[in-house]
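Each chain is listed here by its residues.
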Amino acid sequence: MKKLITLVFLLSSIQIFSQEESIDSGNFEEMKQKMMTRIDKRIADINEHKACVSAASDIEQLKECRKKNKQKKHHDKGIKKRMGKMGDM
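Conventions we followed
- Residues numbered from 1 in each chain as written.
- Predicted model: local features only at pLDDT ≥ 70, side-chain atom pairs only at ≥ 80, totals over all residues.
- Heavy atoms only, no water.
- Salt bridge = Lys/Arg side-chain N within 4 Å of Asp/Glu carboxyl O.
- Helix = DSSP H or I, 4+ residues; strand = E, 2+ residues; numbered from the N terminus.
- Buried < 20%, exposed > 50% of the residue type's maximum accessible area, 1.4 Å probe, protein only.
- Contact = heavy atoms within 4.5 Å.

Colleague: Break down the pattern of salt bridges for me, citing the residues and quoting the values.
Modeller: Tallied over the full model, the rule gives four salt bridges. For lysine 34, the salt bridge goes to glutamate 30, with nearest N and O atoms at 3.3 Å. Within this pair, lysine 34 and its partner glutamate 30 are both found in helix α2 (residues 28-55), separated by four residues, close to a single helical turn. Take lysine 34: its relative accessible area is 46%, and that puts it in the partly exposed class. Judged by relative accessible area, glutamate 30 falls into the partly exposed class, the value being 44%. Between aspartate 45 and lysine 72 there is a salt bridge, and its shortest N-O distance comes to 3.8 Å.

Below, the structure is given as structure tokens:
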């Protein structure tokens with residue numbers, strides 16, 4: 001039993017190491033670019049929401065800004081889910 005546990009542990013360690021190595025070597029620039037794109041999009045969304053809040057002159061307009069921002073977040077999550085399903089194909 002101890003031999004089996006040791007073997008499983010060694011195999012899982014090797015697998016984890018190989019996954020880390022492949023992430024580091026091959027896709028670094030691609031991953032970095034995707035991260036930068038997502039960060040830029042979040043900054044643009046925040047700036048858009050900030051501009052809406054700054055332009056609001058009453059509570060109803062503030063509520064409308066919040067509603068638009070919330071809808072945009074839900075819409076973006078839906079797109080991500082659909083893209084994830086397409087990637088599984």
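Colleague: Before we move on, can you summarise the side chain of aspartate 45 with the specific residues and values?
Modeller: One can find aspartate 45 in helix α2. The contact partners of aspartate 45, leaving out residues within four places of it in the chain, are Lys72 and Asp76.

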